[in-house]
Amino acid sequence: MSASDGPIPLLAAKYPDAIGAWVAEMSYDVARPIHEAVARELQAETLGYNDPVSLELARESLVRWMKSSYDWSVQPDSIGFVSDIVTGFGAVLNNFLPPRSHVVVPTPAYAPLLDVPAMFGHTVVRVPSLVDGPRQRMDIEGIQRALEDGARLVVLCNPHNPTGRVFTVEELTELADLVERFSARVFSDEIHAPLTLTTVPHTPYAKVSAASAAHTITATSASKGWNIAGLKCAQLIFSAPQDAARWKHTAGFFVRSVSRLGVSALRAAYDHPESQLWLDTVRARLARNNALVAETVAARLPEVIHFPAEATYLAWLDCRELGLEEPAAFFREHVGLAMTEGTEFSAPGHLRLNFALPEDLLAKALSALVRGAEILRAGRHHERGSTQHA
Ligand SMILES: Cc1ncc(COP(=O)(O)O)c(C=O)c1O
């Protein structure tokens, strides 16, 4: 088992002089069974195409994983392989929606969920989420208005990037009832599902009711949970039989871009007990890091509102009180901490900090965050002083 600190060259690559807390990858070693599965392919020189036998085995692994993790019974022939979730989203937008549809995206949202619909001729309707104490929740009335205006698809991201929410069964059921009333559809991006950090369990949206199963296409992948996004193997789950039948026309096209290494890694992630242990260790580590972010913000950053994550390794920070147009640029340039700008998620003045860092690096990242706020405070103090003297 290995969840120890590893090198972080790729995270740091875009901003080599800064602490890399921006892209959604963990700065931890991968689980040993995954490492070995990929190494076996290398040693056997089987770096060619996928074979149908491995794909069938991967399908069975996913079925077992969904059953044992979420008590969700997935039919093997309802699974479609795609290289990654964003490609799967494009496939759904292209093949399962009328041309020029309106697509509801609750914001803040992972940028490709906002950008990709236009690439397929659709229009995104952004519905800002509501702040409810330390959490954000979807604005169901806002979504209803968009559906009344004719929107055909709601994009659900659960667990949510960037807010880290794990939506409850009640919230999911409310959405399912609403979507059903308007005979609309849901694309449910559940890539972060393995990374729950609290006692709130992940519930697959398609599992909440017969209606949700009938109107949903679920996207899933082992890539976030086990930190293997570069290996390119994700799945769409078509819980409506007519969707599964329709997918068959294009399945052969999309499976071509699934990597053989990704298929091996998926099986090692879902099937190997040591990969499960690795995941549990990483989740415990992330939960501690999540708490450290919360403690630091509460003690040292009164201007910042933190939405503690219930899943993922992302801290969502409302920094509007800092009065910066581009807070990520400020922190990167002044204190060498690279985070993601809220504007990318349709939430200006916010920041996303990736806390899946080795503990010493996270401590440095948080000190940098505090230092940045101190620089701003000192600047304001200075400005006030000079105005008083003028
Ligand atoms: C919510 C969400 N969906 C999709 C992706 C990208 O997944 P993929 O690389 O499989 O397209 C990410 C990556 O950060 C994500 O956070």
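Residues numbered from 1 in each chain as written. Predicted model: local features only at pLDDT ≥ 70, side-chain atom pairs only at ≥ 80, totals over all residues.

Q: Could you give an account of the domain arrangement of the chain, with specific residues and numbers?
A: In many reports, interface size means the accessible area that the parts give up when they come together. Once the domains are mapped, the chain shows domain 1 (9–30 + 274–389) and domain 2 (47–271). Taken residue by residue, the interface counts 27 residues in domain 1 and 33 residues in domain 2. Looking at the side of domain 1 that touches domain 2, the elements with two or more residues in it are helix 11 (273–300), strand 12 (314–318) and strand 15 (350–354). Top element by residues in the side of domain 1 that touches domain 2 is helix 11. It accounts for six residues. Broken down by class, the residue content of the side of domain 1 that touches domain 2 amounts to 16 nonpolar, six polar and five charged. (Domains from an automatic or database assignment. Contact = placed C-beta atoms within 7 Å. Helix = DSSP H or I, 4+ residues; strand = E, 2+ residues; numbered from the N terminus. Nonpolar A, V, L, I, M, F, W, Y, C, P; charged D, E, K, R; others polar.)

Q: Outline the site of the ligand, supporting the account with residue identities and numerical values.
A: The environment of the ligand is made up of 13 residues, and the closest members are Ala24, Asp84, Ile85, Val86 and Asn161. The class makeup of the residues in the shell around the ligand is eight nonpolar, three polar and two charged. (Near = placed C-beta within 6 Å.)

Q: Got a sec to walk through the pairing of strand 7 (residues 153–157)? Specific residues and values, please.
A: Burial runs high along strand 7: five of the five residues are buried. Side-chain alternation along strand 7 places Leu153, Val155 and Cys157 on one buried face and Val154 and Leu156 on a second face that is also buried. Bridge count between strand 7 and strand 8 (residues 185–189): five bridges; the pairing is parallel. Bridging from a neighbouring strand, valine 155 pairs with phenylalanine 187 of strand 8. Once the chain exits strand 7 it traverses helix 7 (residues 169–181) before rejoining the sheet at strand 8, and the crossover so formed is right-handed. (Buried ≥ 20, exposed ≤ 12 C-beta atoms within 10 Å, placed from the backbone. Pairing = 2+ DSSP bridges. Right-handed = clockwise from strand over helix to strand, strands pointing away.)

Q: Which residues make up the sheet that holds strand 15, and what values go with them?
A: Strand order in the open sheet made by the four strands is 11-12-15-14, with antiparallel pairing throughout. The sheet is open, and its two borders are formed by strand 11 (305–307) and strand 14 (340–341), each paired with just one other strand. As paired strands, strand 12 and strand 15 are joined by five bridges and run antiparallel to one another. From the neighbouring strand, alanine 315 faces strand 15, where its bridge partner is leucine 353.

Q: Could you give an account of the environment of arginine 64, with specific residues and numbers?
A: Its place among the elements puts arginine 64 in helix 3 (residues 52–70). For arginine 64, a count of 13 C-beta atoms within 10 Å puts it in the partly exposed group. Each C-alpha atom of the pair arginine 64 and proline 76 lies 9.9 Å from the other, and the pair is 12 residues apart in sequence.

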